[in-house]
Protein chains: 4
Amino acid sequence: MKISFESDYCNGAHPAVLNRLVATNDEPSGTYGSDRWSERAREKIRHATGCPQARVEFLAGGTQTNATILDAILAPGEGVIAVPTAHIEVHEAGAIEASGHKVILLRDSTGTVERHDLMTVVDLEQYLDDFTADPTREHRVQPGAVYITVPSELGTLYTAAEIEGIYNICQHYGLKLYIDGARLAYALASNECEYDLAWLAHHCDAMYIGGTKCGALMGEAAVFPRGDAPRAFFSTIKRHGALLAKSRLAGVQFDALFSDGLYERIGRHAVDLALELRSHFMSAGYEMYGASVTNQQFVVLPNAVISQLTERYIFEQWEPLDNERTVCRFVTSWSTTDEDVASLGADLARIVKA
Amino acid sequence: MKISFESDYCNGAHPAVLNRLVATNDEPSGTYGSDRWSERAREKIRHATGCPQARVEFLAGGTQTNATILDAILAPGEGVIAVPTAHIEVHEAGAIEASGHKVILLRDSTGTVERHDLMTVVDLEQYLDDFTADPTREHRVQPGAVYITVPSELGTLYTAAEIEGIYNICQHYGLKLYIDGARLAYALASNECEYDLAWLAHHCDAMYIGGTKCGALMGEAAVFPRGDAPRAFFSTIKRHGALLAKSRLAGVQFDALFSDGLYERIGRHAVDLALELRSHFMSAGYEMYGASVTNQQFVVLPNAVISQLTERYIFEQWEPLDNERTVCRFVTSWSTTDEDVASLGADLARIVKA
Amino acid sequence: MKISFESDYCNGAHPAVLNRLVATNDEPSGTYGSDRWSERAREKIRHATGCPQARVEFLAGGTQTNATILDAILAPGEGVIAVPTAHIEVHEAGAIEASGHKVILLRDSTGTVERHDLMTVVDLEQYLDDFTADPTREHRVQPGAVYITVPSELGTLYTAAEIEGIYNICQHYGLKLYIDGARLAYALASNECEYDLAWLAHHCDAMYIGGTKCGALMGEAAVFPRGDAPRAFFSTIKRHGALLAKSRLAGVQFDALFSDGLYERIGRHAVDLALELRSHFMSAGYEMYGASVTNQQFVVLPNAVISQLTERYIFEQWEPLDNERTVCRFVTSWSTTDEDVASLGADLARIVKA
Amino acid sequence: MKISFESDYCNGAHPAVLNRLVATNDEPSGTYGSDRWSERAREKIRHATGCPQARVEFLAGGTQTNATILDAILAPGEGVIAVPTAHIEVHEAGAIEASGHKVILLRDSTGTVERHDLMTVVDLEQYLDDFTADPTREHRVQPGAVYITVPSELGTLYTAAEIEGIYNICQHYGLKLYIDGARLAYALASNECEYDLAWLAHHCDAMYIGGTKCGALMGEAAVFPRGDAPRAFFSTIKRHGALLAKSRLAGVQFDALFSDGLYERIGRHAVDLALELRSHFMSAGYEMYGASVTNQQFVVLPNAVISQLTERYIFEQWEPLDNERTVCRFVTSWSTTDEDVASLGADLARIVKA
């Protein structure tokens, strides 16, 4: 069987998560979020975020969570500001627009690969200054929120100062800051990460802590750190088809993820192996694409090398760079092993020598 | 611990389903519906429905599935005809309207308890005749589909002739017939049921086969029996936030449910016990509310009796009938045992004697 | 040429309105609501409503105004409560649902013809009590507003006590009361009307004062009596495609309508003639359908009589009553003349004698 | 009074249009598009477009027409491709997204001022090629239509070859081409315009012929040249709040505009004067911004000159170029006179000399 670096969601659940599901299967429970595990998981997340008042709800998937939270925090017709590579802009099939909200694209004024999917404070401020000064602004989509991803689509991280800057601007202009944390575990586990979960929760208006890509079978935790979820948020979840009848499924898993440091361990494990992978690629002389410090590594590979690697490994060909080279993505997760990485390292060394 | 007849989704997964999840957890797989178990489950559902061309997709929950399928089969702004007790009308928090589709209420012209949440052929035809004859019909919401539930909200069943009648009218007027099968297992398991899954699939345009309430942890199978799902249906699922990243979660479970007659066995087990419950209630002299032949039983209980029963049992007080009596709902599932039912039967006999 | 009682919008503008358009045509002006006539008309409406703080905006048509105001005052996904004959329920092609808002039907518990399209205080209170007591209410569409029409679809009027009762309930439950005044001029002109425009404006949260059906070529005045239109209401109008570029068109007309008592005179003229019509029908022995006191009169006519009348008159056959009789609607407006009514009166007398 | 070059909709109706409204005011008519003038105007537009089968409907305003037509021709959730300066992207307050449709931005790869708001065939083809080749395309918004404006926002024109190229690509990829003709009269009147109305109608799937900015008080003609408007298009118009009750208002005006070559004459008059304006600016040594050949002229003026001009003229300061210069817009229309233009010319000459 080939070794897969395809994604962090082509495996099952982390064994500790699965065991918890098995262990609790026979206990009857409340439904629609009222089960005891969901309650317990909420408490643990309130603790981990340092937000005792936090409103926490568990939804099934990422696009759903983005669409539900943004629809909840935006007034009707308001837009959300995002960078052109944002998941909500590119890969959610119009889920945001389906609720009538425009994704307002913030142009990148720096253009370097590393920054390319990180929003800059300067660009955001410029946009909002221009908007405010525009005499025709009432004819435009009113911005109501800012969307950022931690880590970014390319695995990079905002500095604490950058997030603080973005958050300050949001507050100045009356916008909500929403953080997509689909792969948050991998950001927090990075040595480069200047903040922890609690700091992050105190520097946004809403966020989600990803489960699906961080060791669960499914599930994302929507968090309003200050407990100020919009009125009727439960009904909003239901209206978006995002309310789980057997909410225990998410509750049990998040209870497990936030017990015994599991979420941190999953993140650390994957990031360590990803950095090892990165080092293998660089040792073998390949150019990395972007400066990812998390569990996704992007590397520029000659197409001939790709052909050889695909015989033993599964990974994504992200996008063609030119006729001879392609940006490829290698992803680690709880299920990646030291052996998987070592094997790839050895093959890279061998191929290069050839 | 109290014995629960509260619902068919306050338990975990049927053991056979859970075992399959455990057994497959370590195998890597495709994502977003491309995993091998989803493929296998699709094939089994095509076989079970006798529809080799069927398009089958797995979504997380019921409201989500209703909203996604109806949005897919309705033209923009078209409405769906339903009875006033329909789940999409009452208990989906506006998920259908969220896509711009009106739920068009069909008034019930019979008014008996047993029929009260079954659509009648006569009422449907009358509505469509009137609509067609109305010179202002272009100012009204155009009907595009008919929504029925099998079994109904009160656990009753349409006859084959009724479904055939409704389907014929739909075809005559160019509407789609969509069947909500959240508890389909329990309809098909009833001795009163005049049709099987294949017959049903041949008498509608779209349907969903419920998993969450029939032994799975989550998951509903959206089925277009003739394979004629609307163009870009995959994107529609994604847009509704209903696409599972780790689609294996649903795939494995439906693969299990449609192996070795498990879906039928779950249905049969629950219906048998429900009928036994019904018989206990009737023996004890209580009036049943509606003529449910499936796994939900509705009974009129004096409030004093309810007080005594709640000491040992969990069940839903459905709606007050008058100052002294309440309609109560008792639900069975794969996890209900013979002992649970016998216990309640004994208590009913005792209470009555008292 | 036949005499038309077909509707109050199959004529042009009242001559005084048209003259004002001609007189101002050559003056350049502001646009998008900033023209001087719109400003002037706003001031006059603030005066007429006794609401010096009122926010007033002019939109093109009735359905558009209902959809825009309701979308503005409802939170996302909230519903609006209305009676089954409400214009937003029946004749707006899903414009309310198009913004994701359900029309929540309030069942009529009285059933008499006269009341049939008036909401009762009792029914509204009952609905909201039941909703509040429902443990599953979070799964339902949250009511956010109440919609009533003055006069009703059948030309009848609420008493002041009824509107006060409805408004009090709205305030108690935190709902907005919105009044559709498409034909408001004819309500206010009725001798049976217990309130004036200012009283009405003080007993609702939002309303619209109809122009199209009351002497203008187009135009409706959306009014927030307390000036508390939702944030970004201008953008909401624009988003609904309801912002007039040449806003002068509406401004000039409303300026004219609210000058020299014209709006009152148009209403009075039409109501006087409508009551005369009603008296002709009753003298001739026909049964009226409902107790309209405004400019629309509904009468039950034998089909044979209809055949004769249609030779000289245009009117709407509202709905068949039985095989031999039809409810017909006769409407008066600024353009109806004494001669039109006298002619119909004479013909009715003649036909009856025959 | 200052001379206004502010816009082509800050005046009233062209006298011939106004006269027609006055002349027909007393005639009763059909409503909701069934009046005789609307019928007549439809016939004239069918003739002018050389499309005897065309479906023509009259709506109140431009944003409304864009939103209604795009919602009609797009499948649910589909997006419309447009350039970043497109009116639907920038100045319609989210009206397109309000129906759930994304505006997909086509990046401009040429970057010259003249082209800056014209879509290029190359860019469009590149986008669609990339989209088709993208393995994740089902996760993206599906493109369903292309939106272009004739003339462009900056007053420039597509060549016939360019429109043909865009239309061919649309047909190849199964997209609809929709043309926003808010100022179409001024495009067709330009000497640089390589096509007439009929040619244009034969090279798109839907278009609108602007009335509001071309001599009417309000009104836009939505045209489906081949008569293949989507099913229930009338209801779609109604749902968008875009159906005029007194449709005669638009019907009479378009009947007038398409009689005796009035639409052409209005266009020609304004374009002639605009080119004269342009020539005055260039003679005076100012740099034009873009190569507008229609009734909007954009010129780069020193702020000091602007100060002097605003004493006698009204015009829009479009956007700041740098600290000392601003792009200004001067617009002509039916109401602009030779004297207006000559006066500005003289002042420009004087100011320069100074």
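Residues numbered from 1 in each chain as written. Chains lettered and ligands numbered in written order. Predicted model: local features only at pLDDT ≥ 70, side-chain atom pairs only at ≥ 80, totals over all residues.

Chemist: When you look at the overall build of chain A in this model, what are you seeing that I'm missing?
Modeler: Secondary structure assignment for chain A yields 13 helices and 13 strands. Taking the principal axes of the C-alpha coordinates as reference, chain A spans close to 65 × 60 × 35 Å. Residues counted as buried form 60% of the 354 residues belonging to chain A. Looking at chain A alone, contacts between residues at least 24 apart form 74% of all its contacts between residues at least 6 apart. (Helix = DSSP H or I, 4+ residues; strand = E, 2+ residues; numbered from the N terminus. Buried ≥ 20, exposed ≤ 12 C-beta atoms within 10 Å, placed from the backbone. Contact = placed C-beta atoms within 7 Å.)

Chemist: Which parts of the structure should I look at to understand the sheet that holds strand β12 (residues 316–320) of chain C?
Modeler: Across a sheet, paired strands are connected by hydrogen bonds in the backbone, their directions being either parallel or antiparallel. Residues and elements named next belong to chain C. Read across the open sheet, the 4 strands follow the order β9-β10-β13-β12; overall the sheet is antiparallel. The open sheet has two edge strands with one neighbour each: β9 (287–288) and β12. Looking at chain direction, strand β10 (residues 296–302) and strand β13 (residues 325–331) are connected through 7 bridges and run antiparallel. Along β13, the bridge assignment pairs proline 302 with arginine 325. Along the sheet face, helix α11 (residues 262–283) touches β9, β10 and β13 and points at about 20 degrees away from the line of β10. (Pairing = 2+ DSSP bridges. Axes fitted to C-alpha atoms, helices over the stretch in contact; angles between N-to-C directions.)

Chemist: Sorry if this is basic, but what is going on with the relation of the copies chain D and chain C here?
Modeler: Each of the two copies of the chain can be brought onto the other by a rotation about an axis and a shift along it. The two copies are related by a screw operation: chain D maps onto chain C through 180 degrees of rotation and 0.0 Å of translation along the axis, at an RMSD of 0.0 Å. Given the turn and translation reported, the copies of this chain are related as if by a two-fold rotation axis. Taken together, the interface assignments show that 100% of the residues at the interface of chain D recur at the interface of chain C, consistent with an identical surface on both copies. (Least-squares fit on C-alpha atoms with pLDDT ≥ 70 in both.)

Chemist: Hey, could you run me through the pairing of β12 of chain C in this one?
Modeler: For a regular strand, the rule is simple: side chains alternate between the two faces of the sheet. Residue and element names in this part refer to chain C. Relative to β13, β12 runs antiparallel, the two being bridged by 4 bridges. Pairing of glutamate 316 across the sheet is with arginine 329, part of β13. With antiparallel pairing between neighbouring strands as the criterion, β12 and β13 make up a hairpin whose turn holds 4 residues.

Chemist: Please clarify how helix α2 (residues 36–49) of chain B should be interpreted in this entry.
Modeler: Each α-helix winds once per 3.6 residues, and so residues spaced three or four apart point in a common direction. Residues and elements named next belong to chain B. Look at α2: 20 Å from first C-alpha to last across 14 residues, which is about the 20 Å you get at 1.5 Å a residue. Along α2, the positions that sit buried rather than exposed are Trp37, Ser38, Ala41, Arg42, Ile45, Arg46, Ala48 and Thr49. Trailing α2 by a residue or two, glycine 50 shows a phi angle of about 65 degrees, which is positive. (Expected span 1.5 Å × (residues − 1).)

Chemist: In this structure, what is going on with the domain arrangement of chain A? I would like to understand it.
Modeler: By a widely used convention, the size of an interface equals the accessible area lost when the partners come together. Residues and elements named next belong to chain A. Each assigned domain of chain A is listed with its residue range as follows: domain 1 (3–9 + 263–353) and domain 2 (15–261). Taken over C-alpha atoms, the centre of domain 1 sits 27 Å from the centre of domain 2. With 21 residues of domain 1 in contact, the opposing surface of domain 2 contributes 22 residues. Top element by residues in the side of domain 1 that touches domain 2 is helix α11 (residues 262–283). It accounts for 8 residues. Looking at side-chain class alone, the side of domain 1 that touches domain 2 contains 10 nonpolar, 7 polar and 4 charged residues. (Domains from an automatic or database assignment. Nonpolar A, V, L, I, M, F, W, Y, C, P; charged D, E, K, R; others polar.)

Chemist: For this particular structure, what's the right way to read the sheet that holds strand β8 (residues 220–224) of chain A?
Modeler: Residue and element names in this part refer to chain A. Strands sit in the order β2-β8-β7-β6-β5-β3-β4 across an open sheet of 7 strands; the sheet is mixed. Since the sheet does not close on itself, it has two edges, and those belong to β2 (55–59) and β4 (103–105), each with one partner. Looking at each pair of strands side by side, their axes are set apart by 25 degrees on average, direction ignored.

Chemist: Would you take a moment to explain the relation of the copies chain A and chain B for this structure?
Modeler: Between chain A and chain B, which share one sequence, the superposing operator has a rotation angle of 180 degrees and an axial displacement of 0.0 Å; the RMSD is 0.0 Å. When the interface residues of chain A are mapped onto chain B, 100% of them again lie at the interface, so the same face is used by both copies.

Chemist: Explain the interface of chain D and chain C to me, please; I cannot follow it from the model alone.
Modeler: Tallying the contact residues gives 40 residues for chain D and 42 residues for chain C. Looking at the side of chain D that touches chain C, the elements that each hand over two or more residues are α1 (15–24), α3 (62–73) and α9 (233–239) of chain D. Considering only residue class, the side of chain D that touches chain C consists of 18 nonpolar, 17 polar and 5 charged.

Chemist: Which parts of the structure should I look at to understand the pairing of strand β8 (residues 220–224) of chain D?
Modeler: All names here are of chain D. Taken across its 5 residues, β8 has 5 buried, putting it largely inside the fold. Neither face of β8 is exposed, since Glu220, Ala222 and Phe224 on one face and Ala221 and Val223 on the opposite face are all buried. Of the pairings in the sheet, the one linking strand β2 (residues 55–59) to β8 comprises 5 bridges and is antiparallel in character. By the bridge assignment for β8, glutamate 57 is matched with alanine 222. Pairing between strand β7 (residues 206–210) and β8: 4 bridges, direction antiparallel. Note that in β8 the partner of isoleucine 209 across the bridge is alanine 221.

Chemist: What's the story with the environment of arginine 55 of chain C in this structure? I'm lost.
Modeler: Residue and element names in this part refer to chain C. Mapped onto the elements of the fold, arginine 55 is located in strand β2 (residues 55–59). Owing to 19 C-beta atoms within 10 Å, arginine 55 belongs among the partly exposed residues under this scheme. Considering only alpha carbons, one finds arginine 55 and valine 80, 25 residues apart in sequence, at a separation of 22 Å.

Chemist: Would you mind going over the packing of helix α1 (residues 15–24) of chain B against helix α10 (residues 248–257) of chain B with me for this structure?
Modeler: The packing of two helices is summarised by the inter-axis angle and the distance between the axes. Residues and elements named next belong to chain B. Interaxial distance between α1 and α10 falls to 9 Å at its minimum, and their mutual angle equals 135 degrees. For the element pair α1 / α10, the angle class is oblique. Crossing of α1 over α10 shows right-handed handedness. Of the residues in α10, those in contact with Ala16, Val17, Arg20, Leu21 and Thr24 of α1 are Val252, Gln253, Asp255, Ala256 and Leu257. Its residues assigned to classes, the contact of α1 with α10 shows 6 nonpolar, 2 polar and 2 charged. (Parallel < 35°, antiparallel > 145°, perpendicular 65-115°, else oblique. Left-handed = near helix turned anticlockwise from the far one by under 90°.)

Chemist: Which parts of the structure should I look at to understand the packing of α2 of chain B against α10 of chain B?
Modeler: Residue and element names in this part refer to chain B. As a packed pair, α2 and α10 sit with axes 7 Å apart at the nearest point and diverge in direction by 40 degrees. One way to sum up the angle between α2 and α10 is to call them oblique. For the crossing formed where α2 meets α10, the hand is left-handed. Facing Trp37, Ser38, Arg40, Ala41 and Lys44 of α2, the residues of α10 in contact are Arg248, Ala250, Gly251, Val252, Phe254 and Asp255. Class assignment for the residues of the contact of α2 with α10 results in 5 nonpolar, 2 polar and 4 charged.

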